[in-house]
Amino acid sequence: MVTMRRKHYPWRTQTDEASRDLALVMTTVRVSPAVAAALRDGRPVVALESSVFAQGLPQPQNREAARRMLAAVRARGAEPAITAVARGTPVVGLEGADLERFLARDGVRKISARDIAPAAAARVDGATTVAGSLALAHAAHIAVLATGGIGGVHRVAPISSHAFDAVRDESADLAELARTPMLVVCAGAKTILDLPATMERLESLGVAVVGYRVDELPGFLTSGTGISLSWRFESAAQVAAAWCMHRALGRTQAMVVVQAPPSPLPRGMVDDAVNRALDAAARAGIAGPALTPWLLARLEEETGGSSLATNVELLESNAALASEIAAEVTGDVEIGRARA
Ligand code: PSU
Ligand code: MN
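### With respect to the overall build of the protein
- Helices and strands together make up the secondary structure of the protein, namely 14 helices and 11 strands.
- Expressed as a percentage of its 340 residues, the buried residues of the protein come to 50%.
- In the protein, the proportion of contacts linking residues at least 24 apart, taken out of those at least 6 apart, comes to 75%.

### Observations regarding the environment of isoleucine 227
- Here isoleucine 227 is to be found in the loop between strand 9 (208–212) and strand 10 (231–233).
- Residue classification places isoleucine 227 among the partly exposed positions, given that 15 C-beta atoms sit within 10 Å.
- Residue contacts for isoleucine 227: discarding those within four places in its chain leaves Leu195, Pro196, Met199, Glu216 and Leu217.

### Quick word on the site of ligand 1
- Taken together, the neighbourhood of ligand 1 is formed by 19 residues, with Gly56, Thr129, Val130, Gly151 and Ser171 sitting nearest.
- Among the secondary structure elements, those contributing two or more residues to the shell around ligand 1 are helix 3 (51–56), helix 8 (172–179) and helix 12 (291–302).
- Looking at the shell around ligand 1 element by element, the count peaks at four residues for helix 3.
- Looking at the shell around ligand 1 residue by residue, the class counts come to six nonpolar, 10 polar and three charged.

### A closer look at the pairing of strand 8 (residues 183–186)
- Residues Leu183 and Val185 point to one face of strand 8 and Val184 and Cys186 to the other, with burial holding for every one of them.
- When strand 7 (residues 144–146) meets strand 8, the two strands line up parallel, connected through three bridges. Residue pairing for strand 8: alanine 146 is matched across the bridge by valine 185.
- In the sheet, strand 8 pairs with strand 11 (residues 255–258) via four bridges, with the strands oriented parallel. Bridge assignment links valine 184 to a residue of strand 11, and that residue is valine 256.

### So, unusual backbone geometry
- Between glutamine 59 and the following residue, proline 60, the backbone shows a cis peptide bond with an omega angle of 0°.
- Along the chain, the position of proline 60 falls in the loop between helix 3 and helix 4 (61–75).
- Even without a glycine there, the phi angle at arginine 105 is positive, about 55°.
- If you trace the backbone, arginine 105 turns up in the loop between helix 5 (96–103) and strand 5 (109–111).

### Things to note about the packing of helix 7 (residues 130–139) against helix 8
- Running from N to C, helix 7 and helix 8 point in directions that differ by 25°, and their axes come no closer than 8 Å. In terms of axis orientation, helix 7 runs roughly parallel to helix 8. Taking contact as the criterion, the partners of Val130, Ala131, Leu134 and Ala135 in helix 7 are, on helix 8, Ala172, Asp173, Glu176 and Leu177.
- Classifying every residue of the contact of helix 7 with helix 8 by side-chain character gives six nonpolar, no polar and two charged.

### Re the nonpolar core
- Counting 104 residues, the largest nonpolar core has Val46, Val144, Val184, Val256, Val257 and Ile325 as the members making the most contacts within it.
- When residues of this core are assigned to their parent elements, the largest contribution, 11 residues, is made by helix 13 (residues 306–330).
- Excluding residues that lie within four positions of it along the chain, isoleucine 325 makes contacts with Val144, Leu183, Val185, Ala236, Val239, Ala240 and Val257.

### A closer look at helix 10 (residues 236–248)
- With 13 residues, helix 10 should reach 18 Å at 1.5 Å per residue; the first-to-last C-alpha distance of 18 Å fits that figure.
- Contacts made by the buried residues of helix 10 are with strand 8, strand 9, strand 10, strand 11 and helix 13.
- Within two residues after helix 10, glycine 250 carries a phi angle of roughly 80°, on the positive side.

### Examining helix 11 (residues 267–284)
- With 18 residues, helix 11 ought to run about 26 Å at 1.5 Å a step, and its terminal C-alpha atoms sit 25 Å apart, in line with that.
- Listed in full, the buried residues belonging to helix 11 are Val270, Ala273, Val274, Ala277, Leu278 and Ala281. For helix 11, the arc enclosing every buried residue in end-on projection is 140°, short of the 170-degree limit, so these residues lie on one face. For helix 11, exposure combined with an orientation more than 90 degrees from the buried face picks out Gly268, Asp279 and Arg283.
- Buried positions along helix 11 lie against helix 12.
- Trailing helix 11 by a residue or two, glycine 285 shows a phi angle of about 70°, which is positive.

### A look at the confidence of the model for the protein
- Put simply, the protein has an average pLDDT of 89, and 87% of its residues get 70 or more.
- Ignoring residues within four places in sequence, the model shows residues 1–14, a span with pLDDT below 50, making 18 contacts including any to other chains.
- The low-confidence segment residues 333–340, where pLDDT is below 50, has 21 contacts with residues more than four positions distant or belonging to other chains.

What counts and how
Residues numbered from 1 in each chain as written. Chains lettered and ligands numbered in written order. Predicted model: local features only at pLDDT ≥ 70, side-chain atom pairs only at ≥ 80, totals over all residues. Helix = DSSP H or I, 4+ residues; strand = E, 2+ residues; numbered from the N terminus. Buried ≥ 20, exposed ≤ 12 C-beta atoms within 10 Å, placed from the backbone. Contact = placed C-beta atoms within 7 Å. Near = placed C-beta within 6 Å. Nonpolar A, V, L, I, M, F, W, Y, C, P; charged D, E, K, R; others polar. Pairing = 2+ DSSP bridges. Axes fitted to C-alpha atoms, helices over the stretch in contact; angles between N-to-C directions. Parallel < 35°, antiparallel > 145°, perpendicular 65-115°, else oblique. Core = buried A, V, L, I, M, F, W, Y, C linked by C-beta atoms within 7 Å. Expected span 1.5 Å × (residues − 1). Arc of directions from axis to C-beta. pLDDT = per-residue confidence, 0-100.

Okay, structure coming up:
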């Protein structure tokens, strides 16, 4: 028998206003029937970004990653919700033929939060980055997002002829994290970034970074980076408690939960590969939104494909942890256990 055990967090009380708001959102955003039902019933939902499937990972690993992430979420009694813009319609719960187009990586644009409205007007397929996914998932009242690694401050601008030479490429993920109250589960920020600068920026923006069973920031592909974290928690319930206090206080920033990848690569190997990839990007004149996918692809070559296996593993494990946390946040742990 499925029993519901509810915790009483004042911020999640459904008011008439909140219900009306959700109804309005659903006329703008297409929420899949399964996600809509979960939201209505107050069951845990985990948002998943789609840029990792359409740009971050090659075929067939992108399909493998999607399959494993969706399964990991469902196995824990939560409902997965892939966010995207499908032929101009913002979607929460990408599925079926729409999802297939994204996995085929055919003409799918990479879109951030600011691109959602233009992509809708242009009626294109757009895969949402963490920033874009935060915007859509939050509009649909979802509290938890799982991803591989967040964007951040890039290393020194590789293109010396760039008109704004002094301006560092900085992912819009950071600014969006600063204004979107969601829990984001990841394995740190991508290895290709300037990690100390990224952590400084998150601090300035008021975005807490909490470790799940780790003392230092994981390096996405590696277990550590040497950057100490201020907070370490041992359980999903502790993370949920921090989150609920954050929301009860009316804080409006995201909270980033980091855990180590299950099958990390040696740090020296990754550092060397990253440096070679960055040199190659500078020589090839790659910049802007194309830089992240380009570097990730190059890293695969540089590591003989082992970065891919690690990437897929960590995506699955982040989806699993996000589901456990989502179950604690919504208080539906019994449902999770009954279905697992
Ligand atoms: N991590 C990955 N693969 C990816 C990304 C992250 O392993 O493809 C994507 C995420 O969608 C993230 C985005 O939000 O890269 C950041 O890109 P940019 O630096 O252009 O903001
Ligand atoms: Mn950028």
